[in-house]
Amino acid sequence: MPAPALPRRVVVKLGTGVLTRGIGELNTERVAALAADLADLRAAGSEVIVVSSGAVGLGMGRLGLKKKPAEVSRKQACAAIGQSLLMQTWQRAFDPQGLAVAQVLLTHEDLRSRARHLGVKACLEELIRYGVVPVINENDTVNAAEIKFGDNDTLSALVAGLVDADQLVILSTAPGLIDLKGSGLILPVVEKITAEIEAMAGGTTDVTATGGMISKITAAKIALRSGCGVFIASGAEPSILARLFRGDNPGTYFVPAGAPLESRKRWIAHYQRPTGHILINACAVPVLRDQGRSLLAVGVTGVRGRFNAGEIVNIIGPDDVLVARGESAFSDAEVAQISGLPSEQVRPLFPARKRLEVVHRDNLVVL
Ligand code: GLU
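Sequence order as written defines the numbering, with residues in each chain counted from 1. Reporting in this predicted model follows two pLDDT cut-offs: at least 70 for local features of residues, and 80 or more for side-chain atom pairs to be given and counted; totals over whole chains, interfaces and linings ignore these cut-offs and use all residues. Each side-chain value is derived from all of the structure's non-hydrogen atoms; neither hydrogens nor water enter the calculation.

Novice: What am I meant to see in the site of the ligand here?
Specialist: Neighbouring residues of the ligand: nine residues in total, closest S53, V56, N137, D140 and N152. Side-chain atoms alone can form a polar contact between residues adjacent in sequence; in general such a contact is a pair of N or O atoms within 3.5 Å, and within protein one must be able to donate a hydrogen while the other accepts it. Contact distances for the ligand include 2.7 Å between an oxygen atom and a side-chain N or O atom of N137. Here an oxygen atom of the ligand sits 2.6 Å away from a polar atom, N or O, in the main chain of N152. A total of 300 Å² of accessible area belongs to the ligand in isolation, and the protein chains cover 94% of it. Residues that form the shell around the ligand fall into these classes: two nonpolar, five polar and two charged. In these notes, residues near a molecule or strand are those with any non-hydrogen atom within 4 Å of it. Each accessible area is a Shrake-Rupley result for a 1.4 Å probe, and residues are judged covered by the shown protein chains and nothing else. Throughout this entry, Asp, Glu, Lys and Arg are counted as charged residues, while Ala, Val, Leu, Ile, Met, Phe, Trp, Tyr, Cys and Pro are counted as nonpolar. The remaining residues, Gly among them, count as polar.

Okay, structure coming up:
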């Protein structure tokens, strides 16, 4: 495979299994080696952001727990204990490189709300300008289900999209995507994530791991739509980062294709979890999907859930297929009132409005 160019900005995600051995015991040598590799990347001109798992695992190790607790409050306690150990570890590992680290803990809500999203982005840009290495993790200590990312693979892809990274490297104990349909070996390159590729991914069975290959593929899809290439490789391989960007790729590389979504559309597509839905008819599906047009009331068949005007909603086609996501210009009650009506019948109902599109194409992303 031709070597992907040295990244301008790279997000490197490290799984718990890479940073620890056994349950919650730090692999200090490996963390030191990774810090040295990350410092080399920086010295070569790449901006580096780390997404590090390990808080829960290190907390478990400190408490002597043999398996991940099922209770949310216990997991939160493990994360609170382990997160400070994790940051101490990273700072110690970067000390010999003369680099400072910065702890950034995020919840889903921090990236979902547009103002907070832009605030986190500005802060990360500032940290990079200061020449420190941001080390990001989910804020597991306050991880009520509704604000969770769920896994750091997804978080790393969202961070990559947020900061306009051109490469995302997901290092875990998995060496790459195994070609279960063909050679049985690691697939070196994936040009497109097809249903067949997705079928090759299975869940995790590791006691400290969270995501598994399925969450890495989901993460890859998010990053690719932001124009970011994705490596999945083993963090146990020596000098893995240098090797990846030399083109000596022992993992799987996912190639970005097509025009990347611009920043606001990324935010609409990937950083929301809409609870409101607008249902559309079969004729409206190709209008949105293939013609890139706005959703008009005439294509709407109904609504599900509650939403205000200006909120992001899912747009659902026949057979419950998720077609798109977008900002509704009307509330759920208003959409219900105008559903199925041609624009000339909507106009007298909303005389003060300049625009009558239910979801304007500038605020709509086909999924
Ligand atoms: N945030 C979790 C931790 O630091 C890990 C989640 C994940 O690896 O996906 O332990």
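Novice: Just checking my understanding: could you explain the pattern of salt bridges for this structure?
Specialist: Side chains carrying opposite charge are able to pair once their charged atoms draw close together. In the sections that follow, a salt bridge refers to a side-chain nitrogen of Lys or Arg positioned within 4 Å of a carboxyl oxygen of Asp or Glu. This structure, assessed with the given rule, holds 21 salt bridges. A salt bridge links K121 to D164; the nearest nitrogen and oxygen atoms lie 3.7 Å apart. Remark: D164 occurs in the loop between helix 7 (152-162) and strand 7 (167-172) and K121 occurs in helix 6 (residues 114-129); sequence separation between them is 43 residues. What you see here is one network of salt bridges that share partners, running through E237, R243, R246 and D248. Strands are runs of DSSP state E lasting at least 2 residues, helices are runs of H or I lasting at least 4, and numbering of each runs from the N terminus.

Novice: Just checking my understanding: could you explain helix 9 (residues 212-225) for this structure?
Specialist: Two residues of an α-helix separated by three or four positions point the same way, owing to the 3.6 residues in each turn. When the terminal C-alpha atoms of helix 9 are compared, their 21 Å separation across 14 residues agrees well with the 20 Å that a helix rising 1.5 Å per residue should span. The buried fraction of helix 9 is high, at 10 of 14 residues. Residues of helix 9 that are buried: G212, M213, S215, K216, I217, A219, A220, I222, A223 and L224. Next to the buried residues of helix 9 lie helix 7, strand 7, helix 8 (195-199), strand 9 (229-234), strand 10 (252-254) and helix 11 (263-270). Downstream of helix 9 by one or two residues, G227 has phi in the positive range, about 85°. Expected span, for any helix, means 1.5 Å times one less than how many residues it has. Three labels apply to residues, based on accessible area from a 1.4 Å probe with only protein chains included: buried if under 20% of the type maximum, exposed if over 50%, partly exposed otherwise in between. In what follows, a contact means two residues having at least one pair of non-hydrogen atoms within 4.5 Å.

Novice: Looking at this model, I keep getting lost on the environment of V72. Mind explaining?
Specialist: Along the chain, the position of V72 falls in helix 4 (residues 72-94). Residue classification places V72 among the partly exposed positions, given a relative accessible area of 47%. Expressed as a C-alpha distance, the spacing of V72 and T141, which sit 69 residues apart in the sequence, is 9.2 Å.

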